[in-house]
Amino acid sequence: MSGKADPRPAGEGTTSRTRLDRGRGALGPALELVHTGRAPTRAVLTAELGVTRATAGAVAAELEALGLIRVDARPGAAAGSQGRPSHRLEVAGDGPVVLAAQVHADGFRAALVGLGGRIAATAAGRETVDADPAKVLGSVVEAGAELLRTTGRRCVGAGLAVPSAVAEPDGLALNPLHLAWPVGAPVRPIFAECVRAAGITGPAFAANDVNLAALAEHRHGAGRGSRDLLCVATGHRGVGGALVLDGRLHTGSSGLALEVGHLTVNPEGRPCHCGSRGCLDVEADPLALLTAAGRDPGPEVSLLQQANDLIRHHYDDPTVRTAAEELIDRLGLGLAGLVNILNPDRIILGGLHRTLLDADPGRLRAVVADRSLWGQSGGVPILACTLDHNSLVGAAELAWQPVLDDPLRALTHQ
């Protein structure tokens, strides 16, 4: 026994532990507030959690001890402000990461993503997606494992974005129309096995790429602050949609909601993979634009990049402009139908649709207003997605969710 006196006043250690014990249930909500940028200071955290300042301080200290956030106890006061400035809170730039993976028609991309949706490292691969999902999933996980080896970061989970509805609870890709995968491919179990085989710890998840893009934009991008957010996007092939209600993805009873790509917008239009004709999926994606503009797609870069480059650099070409306007009109028709059914408070557009909006915002908004029940008087804001690689960031959100739900449990049970 040392005999060294405890420098703290009697009872202080017990009081601090009591505060933390009472605040343990607030660790997850507190982390989510910092993660989404809604609690930049300890004062805001205190107000948002509805706890005492002392409890908020104990919660922030515990999250910092777990390596998840940083607390700046000496922030500079803003010019003209009075009183002592509140401690600033931010996610730890050198903290844990998750492996985010995305598979698309032209290959894959892997990334390490920290809290706050911050991409720490990324690697892309172009390869023909084989009919066996394990081949490309093995490649993307190996690319992620190499990023982990290079950076030396701790990984706490993995998330996968795929261009298909993913049925729950089994993680089956039910309609990988633009991949060679069989219907019902068990992508989540295969991905989880690849993750384990690579020696990566933590749980593994999989979901539709546009659902994940919407989740990422709602937490970190153009959808922040929206209550009923509709996201429509076209990536390398096809068109997808997602709806976020009260901060949660609306996925339906088994994960298959909002297959907006199969809305009919041109009854006499192109044949669709689903067996119908004139679906948004084939009337408003990159291949549709290139075909309408009379351009033969080349193998050098992705269809999405070719379509974006065509609009950005050749919009003054009458053939390109006419093709783009045709796609805008088809897209507007589909969006108007969705507005009539869903009544969102905001629409965000990604991929080629973001480029079309930038090229002629007035035309798209006019088509939606003319075709929706509320018209010009109740027009819903239509904005461009703002995050680079938002499906990857969304895949990371899947992997971060167990940590956001219960940081202490998630990080101490690995």
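In this text the structure is predicted, and so the values were computed from the model without any measurement.

Asker: Give me the lowdown on the sheet that holds strand 13 (residues 346-351), citing residues and values where you can.
Answerer: Think of a sheet as strands paired side by side through backbone hydrogen bonds, with each pair either parallel or antiparallel. Read from one edge of the open sheet, five strands run 12-11-10-13-14, paired in mixed fashion. The open sheet has two edge strands with one neighbour each: strand 12 (248-249) and strand 14 (382-384). Two elements, strand 11 (residues 240-245) and strand 12, share two bridges in a ladder whose sense is antiparallel. Note that in strand 12 the partner of V244 across the bridge is L249.

Asker: Give me the lowdown on unusual backbone geometry, citing residues and values where you can.
Answerer: Cis geometry is found at the peptide bond from E168 to P169, where omega equals 10°. Turning to its location among the elements, P169 is positioned in the loop between strand 7 (166-167) and strand 8 (172-173). Even without glycine at this site, N343 takes up a positive phi of about 50°. Note that N343 resides in the loop between helix 11 (318-342) and strand 13. The residue H389 is not glycine, and still its phi comes out positive at about 55°. Summarising the element assignment, H389 is placed in the loop between strand 14 and helix 14 (390-405). Judged by relative accessible area, which is 34%, H389 ranks as partly exposed.

Asker: Requested: an account of the nonpolar core, with residues and values cited.
Answerer: Counting 38 residues, the largest nonpolar core has V232, L289, L335, I347, L349, L352 and L364 as the members making the most contacts within it. Contributing elements (two or more residues each) for this core: strand 10 (228-234), helix 9 (286-292), helix 10 (303-314), helix 11, strand 13, helix 12 (352-359), helix 13 (361-371) and strand 14. Of all the elements, helix 11 adds the most residues to this core, at nine residues. Those residues in contact with L352, other than ones at most four positions away along the chain, are T234, D285, P286, L289, L304, A307, N308, I311 and L327. Counting residues in each nonpolar core, the second largest holds 35 residues, with V97, V140, C155 and I190 among its members.

Definitions and cut-offs
- Residues numbered from 1 in each chain as written.
- Predicted model: local features only at pLDDT ≥ 70, side-chain atom pairs only at ≥ 80, totals over all residues.
- Heavy atoms only, no water.
- Pairing = 2+ DSSP bridges.
- Helix = DSSP H or I, 4+ residues; strand = E, 2+ residues; numbered from the N terminus.
- Buried < 20%, exposed > 50% of the residue type's maximum accessible area, 1.4 Å probe, protein only.
- Core = buried A, V, L, I, M, F, W, Y, C linked by side-chain atoms within 4.5 Å.
- Contact = heavy atoms within 4.5 Å.

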